Every structure is written in structure tokens, then in C-alpha cells.
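Now for the letters of each chain:
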Amino acid sequence: MTDINPMDSVHDFYVFHMRRLRNTAGLSQEALGPKVGYSGKFIGLVETKKRRPNKILSTGLDTYFELPQFFEALLPRIAEEAGLPPGFLEYIDEEALASQIKMYYHYLIPGLFQTEPYAREVLKAGKRADKIEELVTTRLGRQELLHKENPPNIVVLLDESVLRKIVGDREITRHQLKHLLSLIKEPHITIQVVPNGAQIYPEGSFALLSFDNEPDMGYEESFGGHGRLIEAGPHVTELAVGFDLIRSMALPAAESEALIRGISEAT
């Protein structure tokens, strides 16, 4: 464990003690994984800092090693250390469990659909260079849910202006648009464009998460990626009504695909 110094950061402290406890218990990564709800591969990624720990893993470790709120209590500090917005790790945990995800974005391609170069351009503004890679890794790591055995049904509404905005340079933007076109081919993904002329003016981006046996949740995002997770209640219902209203103004899926393709070819 010489490559991980628990004095360097809270993240390193987490990984150091995760590995220490696993080794003390005589467990391989493959043996520990099922005991905390994950695969051995995932344990390996966390222990090499290629994936950020989450709430489900942390509570699993706390329970298995009988250390109440030891790992879980470190998560807010890890997020703060990495420059992640408050509440975002909680959203990631819930997003990974959702059976349906609905999103509306009016200023950028949502992180779940971003390419690595696009994500890096978006995240680098105002960030220290040593934090950018961590943020990019976290963002791209979320995208694993798109390819799991039973992925959630995803509906994304994008303002047309998002597609026309040049992020980084034209090559990065063109690659991002082509990536959207490849995602559209997936049966569980729908992307619809809200045309510039649509007479509707939402004030911010948001997401709705639906679960098989739990009430819906919402997430509102504001400037700088800051946001808040919203528990089931009247405000989540309001977001659902708003999403349906915005979708009624959006182009059908086939027309949306044609528009994205046209913009990509012209970029």
C-alpha cells in the first residue's frame, strides 16, 4: 500500500483503510465485492482510485467491518476535497438505482452523455489542474449505468441552443454530437430537441428519477453544477408536470435525430 498515503487526502485515507481492513480479514477483492454489494472488479477500481467510493459501497463496508458511519462519514469530505457540488454524490447514488431517468438541459449536454474531451472542457473552468482528472473520472464513471444488463429507460430533452454551442473547439463539439447520434440508437435512450422557437421558458435544468418500488425523486441543477436532491413530494410532482409540458413542445425523436445530424455535419 506504499502508493496510497492516508496523510495525503481524505480520499487516500478512505482507500488506505479499505484495503487495510480487507487484507486484515484475509479477503481478496473478488471475495469482498459480493459482501458489500459489488463485483471484485469494482472493488479494484475503487482501491486504485479509478472510481470514487459511493454511499452504497460505504454503508456496505461499515456494516461488514462493523464500523458504524466510518466510511460513510468520509464521503462529504471526499466530495468537498474534489470540488464536487454539495448533494451531487447523493444524486449519483440514486441515479444508479433508478429504473427511469428523465432530464431537461438548456445549457450543456448532460454529464451522463458527455464524451471525455467535452467533459474536460466543461469541468476545467475555474478548477485546479490536479482536480480536473478526478472530476472527469467521476463523470465518466456514471456512464456505466448506460451499459449495464438492465439499464434505465432514459429520456433527455435538450434545448436546440445546447447543440449549437461550440464547446472547446469544433472538433470536440462535432465528436460530442456524433456520440449523441450513437446513443439514440440504443433502445432505452430517447433524445428530443426543444427547438429555439418553442414558446416555453424553463428557468433551470433538472432531472426526475423513477424507481420500481420507491417514490420518484428530483434533482435541480444551478450555476456551476451545484444542485440539490429533492425527496418525493409536491415539488417533484411540479417537476414532472414541467417535464411533460416541455416535452410537448419538443420535436419528435426522429426529427430531433435529423436536426442533431444536420448540426453535426455543419459544425
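Quantities reported herein were computed from a predicted structural model and do not represent experimental measurements.

**Q** Summarise the overall build of the chain; cite the residues concerned and give the values.
**A** In terms of regular secondary structure, the chain is built from twelve helices and six strands. Taking 2.2 N^0.38 as the reference for a compact globule, 267 residues should give roughly 18 Å; the C-alpha atoms of the chain span a radius of gyration of 20 Å, in line with that estimate. Projected onto its principal axes, the C-alpha positions of the chain cover 60 × 40 × 30 Å. In the chain, buried positions account for 46% of the 267 residues. Here the analysis covers contacts within the chain between residues at least 6 apart in sequence; of these, 69% occur between residues at least 24 apart. Here the chain displays about 13300 Å² of accessible surface, and carbon together with sulfur accounts for 53% of that area. In the chain, the 29 positive side-chain charges and the 38 negative ones have mean positions that sit 5 Å from each other.

**Q** Outline the nonpolar core, listing residues and values.
**A** Grouped burial of nonpolar side chains is what soluble globular proteins tend to show. The biggest cluster of nonpolar side chains holds 46 residues, and the ones touching the most others in it are Ile-101, Phe-113, Ile-154, Leu-158, Leu-163, Leu-180 and Ile-260. With six residues, the single largest contributor to this core is helix α10 (residues 170-184). Residues within four places of Ile-154 in sequence aside, it is in contact with Ile-101, Met-103, Leu-112, Phe-113, Leu-145, Leu-146, His-188, Ile-189 and Thr-190. By size, the runner-up hydrophobic cluster in this structure holds 16 residues, among which are Tyr-14, Met-18, Leu-32 and Phe-42.

About the thresholds
- Residues numbered from 1 in each chain as written.
- Predicted model: local features only at pLDDT ≥ 70, side-chain atom pairs only at ≥ 80, totals over all residues.
- Heavy atoms only, no water.
- Helix = DSSP H or I, 4+ residues; strand = E, 2+ residues; numbered from the N terminus.
- Rg over C-alpha atoms; globule rule 2.2 N^0.38 Å.
- Buried < 20%, exposed > 50% of the residue type's maximum accessible area, 1.4 Å probe, protein only.
- Contact = heavy atoms within 4.5 Å.
- Areas by Shrake-Rupley, 256 points an atom, 1.4 Å probe, with all protein chains shown as cover.
- Lys, Arg positive; Asp, Glu negative; His and termini not counted.
- Charge placed at Lys NZ, Arg CZ, Asp CG, Glu CD.
- Core = buried A, V, L, I, M, F, W, Y, C linked by side-chain atoms within 4.5 Å.

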